[in-house]
Amino acid sequence: MRRFMRTIRPLLGALSRASLYIAGIGMVAMTLIVGWQVFARYVLNDSPSWSEPLALHLMAWFIMLGAAVGVRESVHLGLDVVRHVMKPSVQLAMDLASLGLIVVFGLAMAYYGLLLSAGTWTATIPVLGWPGGVDFFPLIVGGALIALFAAERFIDQFLGVELAADVVVQEMA
């Protein structure tokens, strides 16, 4: 199992970095779109109808991709006061339970997002002309990535390997 994890860790790291870069590009694109919308509305007096739904779609992408990267890098919010006062064996059990629940949650997001996408596929997003199911793609991809990255961390914790995080997070003292 350790050899398998060493083999796929670079691939998961590349997937995590790509997700982060795509999320960053989406955030910049959304900012430009909203800026254009404000300029067009107040200066040109002609607000583009496509800007708001496209900005919301991009926001869903960068939120879900960023959340998945946050799971891998262990920078998500957590209340671990109780965990820190426990014995190491109890801490490990708590970590494994938490990561296991995150895997289940990510899989549920992906599964139910897929059902929502299939159920709304025949509808059309009027302004963009896209099938309605496209709105749920970030939920599907984000949920699958959250489950994948949480599973990686679960296995690392179980094997006693250092966490898979690529980014060094420093806490302010």
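Relevant structure appears above.
Residues numbered from 1 in each chain as written. Predicted model: local features only at pLDDT ≥ 70, side-chain atom pairs only at ≥ 80, totals over all residues. Heavy atoms only, no water.

Details of helix α1 (residues 2-42)
Inference 1: Here α1 contains 41 residues, and its C-alpha end-to-end distance of 59 Å stays within 8% of the 60 Å for a straight helix at 1.5 Å per residue.
Inference 2: By the largest-angle criterion, isoleucine 8 marks the main kink of α1, which is about 35 degrees, and a proline, proline 10, follows within four residues.
Inference 3: By the burial criterion, the buried members of α1 are Met5, Leu12, Gly13, Ser16, Ser19, Ala23, Gly26, Met30, Ile33, Gln37 and Ala40. (Helix = DSSP H or I, 4+ residues; strand = E, 2+ residues; numbered from the N terminus. Expected span 1.5 Å × (residues − 1). Bend = angle between axes of the 7 residues up to and from the residue. Buried < 20%, exposed > 50% of the residue type's maximum accessible area, 1.4 Å probe, protein only.)

A closer look at the packing of aromatic side chains
Inference 1: Taken as a whole and assessed by the stated rule, the structure comprises 3 aromatic pairs.
Inference 2: Their ring planes at 75 degrees and their centres at 4.9 Å tell us that tyrosine 111 and tyrosine 112 sit as a pair that is edge-to-face.
Inference 3: Over the ring of phenylalanine 149 we find arginine 72; its NZ or CZ atom is 5.9 Å from the centre of that ring. (Phe/Tyr/Trp six-rings, centres within 6.5 Å; stacked < 30°, edge-to-face > 60°. Lys NZ or Arg CZ within 6 Å of the ring centre and 35° of its normal.)

Quick notes on helix α5 (residues 137-159)
Two residues of an α-helix separated by three or four positions point the same way, owing to the 3.6 residues in each turn.
Inference 1: In this model α5 runs 33 Å from its N-terminal to its C-terminal C-alpha over 23 residues, within 8% of the 33 Å that 1.5 Å per residue would give.
Inference 2: At the exit of α5 stands glycine 160, carrying a positive phi of roughly 80 degrees.

Some points on the packing of helix α4 (residues 88-119) against α5
Inference 1: Where α4 meets α5, the closest approach of the two axes is 7 Å, and the angle between their N-to-C directions is 160 degrees. On the basis of their axis angle, the class for α4 and α5 is roughly antiparallel. Handedness of the crossing formed by α4 with α5: left-handed. (Axes fitted to C-alpha atoms, helices over the stretch in contact; angles between N-to-C directions. Parallel < 35°, antiparallel > 145°, perpendicular 65-115°, else oblique. Left-handed = near helix turned anticlockwise from the far one by under 90°.)

Things to note about the pattern of salt bridges
Inference 1: Within the structure shown, the criterion is met by 5 salt bridges.
Inference 2: For arginine 9, the salt bridge goes to aspartate 156, with nearest N and O atoms at 2.5 Å. Taken as a pair, arginine 9 in helix α1 and aspartate 156 in helix α5 lie far apart in primary sequence, 147 residues in all.
Inference 3: You can call aspartate 156 buried: its relative accessible area is 0%.
Inference 4: As a salt-bridge pair, glutamate 73 and arginine 72 come within 3.8 Å of each other at their nearest N and O atoms. Taken individually, glutamate 73 and arginine 72 each receive the classification buried, so the pair is uniform in this respect.
Inference 5: Linked through salt bridges whose partners overlap, the residues forming this network are Arg9, Arg72, Glu73, Glu152 and Asp156. (Salt bridge = Lys/Arg side-chain N within 4 Å of Asp/Glu carboxyl O.)

Regarding the side chain of serine 16
Inference 1: For serine 16, the location among the structural elements is in helix α1.
Inference 2: Residue class for serine 16 comes out buried when judged on its relative accessible area of 2%.
Inference 3: Not counting residues up to four positions away in its chain, the partners in contact with serine 16 are Val69, Arg72, Glu73 and Phe149. (Contact = heavy atoms within 4.5 Å.)

Brief notes about the side chain of serine 117
Inference 1: Among the secondary structure elements, serine 117 is positioned in helix α4.
Inference 2: Ignoring anything within four residues of it in the chain, the contact list for serine 117 reads Gly133, Phe136, Phe137 and Ile140.

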